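Chain and residue survey
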Amino acid sequence: MRRDEEKGEAAVFQRVVLKNASPYHYMKVCLVLEDESTKLSAVELKQFIITGLKTLYGEVGAALNFDLLKYDEDTFTAVLRVYSKWLVKLWSSLTLNGFYQNQACAFRVLQVSPFLLALSGNSRELQLD
Amino acid sequence: MKVWTGGKQGKQRWRRRSNTTPRSLLVCERSSFCDENNRVSSQVEQLHFNYKVSVLLSDCSSAPSHLESLLTSFSHFYLVRNLPLHELLDKQFLETAVYQGNVYGLSYRTRLDEDNCVALMPNGHLVLSLDKDSFQVLGFEGKTSTFNYKTKNRYVVTVDLTDGSMAPGRQAYLRLLTGLTSRLPLQMDFLLSHHPGGGASLQALLSRYIWSEHKPEVGTCSLTHLPCPDLQSCDPHGLLEWLGAVDANISRDNSSSSFLSSLVCPEPKRTVSRALRISICGLLLPHDVQRLIQELRCYLGQCQPESWVSLTVHGFVDSPVSWGGKEHGVLRGGENFYTLFIFHDHTYHLHLAAGAQDTCPP
């Protein structure tokens, strides 16, 4: 953390630079299932991700805290929040999650950012057709 | 798979690095619009390619008419299909648009981490971010991307089109023109906008290709009983997380024991009975954002003392330049955005965020 200018009184210019200070990382992921008619609720999705973590990292992985902030049941798209230090573990377990109830599946990681705000302003979603 | 062959200390360092996330920056500035040295205008001018602006007005249920008319008056932009890049060096285009200043151009649907990307900045600088093969075929002076200096697989070519050496007919101009016509005939969909000339100054170029005119898309949404943290004392990351949750319609009514999510509004909080969220998407010019900030300040002057306004501007992820024309890259997210909170007493909080492949916002 660096403080560049500070002059004491109320309306003074103050600048603070925070480097790697975000406690969380946010992931926008989409689950692609072989059978698209499968129904999957938010609770089931979170349970599925926890199972994947347990398979890869054992009990330590299963105890890893993450939040499912938002989930769209029609597109299987979810927004996850995880502590920055656990991002690599969560991401790797999502990558290796290959089967859901005996059908092939894959997680597509659409966007990852240390700022939740960045997930609602992704210019790659701009459609002009 | 990578196998470590070095010493014990090096192995620990390697392990630590492979478990950490790439760097991110958040610059927080506080000052007042009344302070002569405030830097809001210069910061707004320095982010050239804006994709989305979202505004949150507290204690407001419908957009004031003058604000609505301002939003609909944002500059239109043009999408040109399969534009050969050498057209940007066309003498007529240079004279009618580039030399007059304020032309904004950006390649559309090209990804900075895998494709060739191009930006034409309002100061007449043309920036090409090229992969190694394309750069070598082009045969024009450039430098290794700051963020790929080890692997050397991406190069950046920056050309000042307003410079005397790049005047049509000069040696450097001809070399780049030959490169883009014969050696590397790049074609891409291109977004173009010109202020204040609008479409007239671009007409000659547009008429030769398939193009369409687009108006920035405006959306509004009213919110009620919005839990809101104390903006003066809240930690910047907590504040941006809360604003991100409001922007993405994410529920914050959770308890610490709930299974799905434990996201809550930071304490201390108060409930804002009504609020309005406005978003506008497209190729948005800094000039229009400046006008919007002025309008929001006028609006705040007529509101209650506890009212505030937030304005978030997201830059294009795949723009080869971000803050102040400095190089930008996409490692994972490519985020470059800023959030401005404006208060009734003319003070403001500005948060500028940059991802792993960005220089620190100036």
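The structure we're discussing is the one just above.
Before going into details, it helps to say that this report is about the structure given with it.

About the cut-offs
Each chain carries its own residue numbering, running from 1 in the direction its sequence is written. Each chain is given a letter, starting from A, and each ligand a number, starting from 1, according to the order in which they appear as written. Local features in this predicted model are restricted to residues of pLDDT 70 or higher, and side-chain atom pairs are both shown and tallied only at a pLDDT of 80 or more, whereas totals for entire chains, interfaces and linings draw on every residue. The basis for the side-chain values is all heavy atoms of the structure; hydrogens and waters are excluded. To count toward a patch, a residue needs a relative accessible area over 30% and no salt bridge; like charges are then connected within 9 Å, while nonpolar side chains (Val, Leu, Ile, Met, Phe, Trp, Tyr) are connected within 5 Å. Working definition of accessibility: Shrake-Rupley area with a 1.4 Å probe, residue cover restricted to the visible protein chains. By convention in these notes, a salt bridge is any Lys or Arg side-chain nitrogen within 4 Å of a carboxyl oxygen on Asp or Glu. When charges are tallied, Lys and Arg are placed among the positive residues and Asp and Glu among the negative ones, while His and the ends of the chain are skipped. The atom standing in for a charge is NZ when the residue is Lys, CZ when it is Arg, CG when it is Asp and CD when it is Glu. Numbering of helices and strands starts at the N terminus; helices are DSSP runs of H or I of at least 4 residues and strands are runs of E of at least 2. The rule is simple: take the accessible area with a 1.4 Å probe, protein chains only, and divide by the maximum for that residue type; under 20% is buried, over 50% is exposed, in between is partly exposed. We call two residues contacting when some pair of their heavy atoms lies within 4.5 Å. Put simply, buried area is the surface a 1.4 Å probe can reach on two separate parts but cannot reach once they are joined, added for both. Nitrogen and oxygen atoms within 3.5 Å of one another constitute a polar contact, given that in protein one can donate a hydrogen and the other can accept it, and given that sequence-neighbouring residues count only through two side-chain atoms. Each residue is assigned to one of three groups, with Ala, Val, Leu, Ile, Met, Phe, Trp, Tyr, Cys and Pro labelled nonpolar, Asp, Glu, Lys and Arg labelled charged, and all others, Gly among them, labelled polar. Paired strands, in this sense, are two strands between which DSSP finds at least two bridges. The axes used here are C-alpha line fits, helices contributing only the stretch in contact, and every angle between their N-to-C directions lies in the interval 0 to 180 degrees.

**A word on a negative patch on the surface**
Residue and element names in this part refer to chain A.
- The grouping of Glu-44, Asp-72, Glu-73 and Asp-74 at the surface amounts to a negative patch.
- As for its position among the elements, Asp-74 is in the loop between strand S4 (66-72) and strand S5 (77-83).
- The class of Asp-74 is exposed, set by a relative accessible area of 68%.

**A few points about the interface of chain B and chain A**
- At the junction of the two partners, chain B supplies 63 residues and chain A supplies 50 residues.
- Both faces considered, chain B and chain A share a buried interface measuring about 4700 Å² in area, 58% of it formed by carbon and sulfur atoms.
- Counting the contacts that link chain B with chain A gives 4 salt bridges.
- The closest approach of N and O atoms between Glu-29 of chain B and Arg-15 of chain A, which form a salt bridge, is 2.8 Å.
- The interface formed by chain B and chain A contains 24 residue pairs in polar contact (both at pLDDT 80 or more).
- When residues of the side of chain B that touches chain A are traced back to their parent elements, those giving at least two are helix H1 (8-19), strand S1 (25-32), strand S2 (50-58), strand S3 (77-84), helix H8 (236-247), strand S13 (308-315), strand S14 (336-343) and strand S15 (347-354) of chain B.
- Grouping the amino acids of the side of chain B that touches chain A by side-chain chemistry returns 30 nonpolar, 18 polar and 15 charged.
- Pairing of strand S2 (residues 14-19) of chain A with S1 of chain B, which is carried by 6 bridges, proceeds in the antiparallel orientation. By the bridge assignment for S1 of chain B, Arg-15 of chain A is matched with Glu-29 of chain B.

**Some words on the pattern of salt bridges**
- Across all of its chains, the model carries 12 salt bridges over all chains by this definition.
- Measuring nitrogen to oxygen at the nearest pair gives 3.2 Å for the salt bridge that ties Glu-125 of chain A to Lys-28 of chain A. Of this pair, Glu-125 of chain A sits in the segment after strand S7 (103-113) while Lys-28 of chain A sits in strand S3 (residues 24-33), and the two are 97 residues apart along the sequence.
- The buried category is assigned to Lys-28 of chain A, whose relative accessible area is 17%.
- Note that Asp-113 of chain B and Arg-124 of chain A form a salt bridge whose closest N and O atoms lie 3.1 Å from each other. Of the two residues, Asp-113 of chain B sits in the loop between strand S4 (103-107) and strand S5 (117-120) while Arg-124 of chain A sits in the segment after S7, which places them in two different chains.
- Overall, Asp-113 of chain B belongs to the partly exposed group, its relative accessible area being 40%.
- Each of the salt bridges in this network shares a partner with another, and the network as a whole consists of Arg-15 of chain A together with Glu-29 and Arg-39 of chain B.

**Considerations on the side chain of Gln-111 of chain A**
Residue and element names in this part refer to chain A.
- Within the secondary structure layout, Gln-111 lies in strand S7.
- Among the residues examined, Gln-111 registers a relative accessible area of 5% and is labelled buried.
- At 3.2 Å, the side chain of Gln-111 and the backbone oxygen of Ala-118 are in polar contact.
- Those residues in contact with Gln-111, other than ones at most four positions away along the chain, are Tyr-26, Met-27, Lys-28, Ala-118, Leu-119 and Asn-122.

**Looking at the sheet that holds strand S6 (residues 99-100) of chain A**
Residue and element names in this part refer to chain A.
- Across the sheet, which stays open at both edges, the 5 strands sit in the order S4-S5-S3-S7-S6 with antiparallel pairing between neighbours. Bordering the open sheet on either side are S4 and S6, each of which pairs with just one other strand.
- Pairing analysis gives 8 bridges linking S3 to S7, with the strands arranged antiparallel. Along S7, the bridge assignment pairs Leu-33 with Cys-105.
- Sitting on the sheet, helix H1 (residues 42-62) is in contact with S3, S4, S5, S6 and S7, with an inclination near 140 degrees to S4.

**Here we look at the environment of Cys-105 of chain A**
All names here are of chain A.
- Note on placement: Cys-105 falls in strand S7.
- Put simply, Cys-105 and Glu-59 are 46 residues apart on the chain and 23 Å apart in space, counted from C-alpha to C-alpha.
- Apart from residues lying up to four places away in sequence, Cys-105 is in contact with Leu-31, Val-32, Leu-33, Phe-48, Asn-97, Gly-98, Phe-99 and Tyr-100.

**Quick word on the sheet that holds strand S10 (residues 211-214) of chain B**
Residue and element names in this part refer to chain B.
- Across the sheet, which stays open at both edges, the 8 strands sit in the order S7-S8-S6-S5-S4-S9-S3-S10 with antiparallel pairing between neighbours. Each having just a single partner strand, strand S7 (143-144) and S10 make up the two edges of the open sheet.
- Where strand S6 (residues 125-131) and strand S8 (residues 154-160) come together, 7 bridges link them in antiparallel fashion. Following the sheet pairing, Val-127 is matched in S8 by Thr-158.

**Re the pairing of strand S9 (residues 187-194) of chain B**
All names here are of chain B.
- Most of S9 is tucked away, with 7 of its 8 residues classed as buried.
- Relative to S9, S4 runs antiparallel, the two being bridged by 5 bridges. Paired with Tyr-104 across the two strands is Ser-193, which belongs to S9.

These results come straight from atomic positions and should not be treated as a statement about function.
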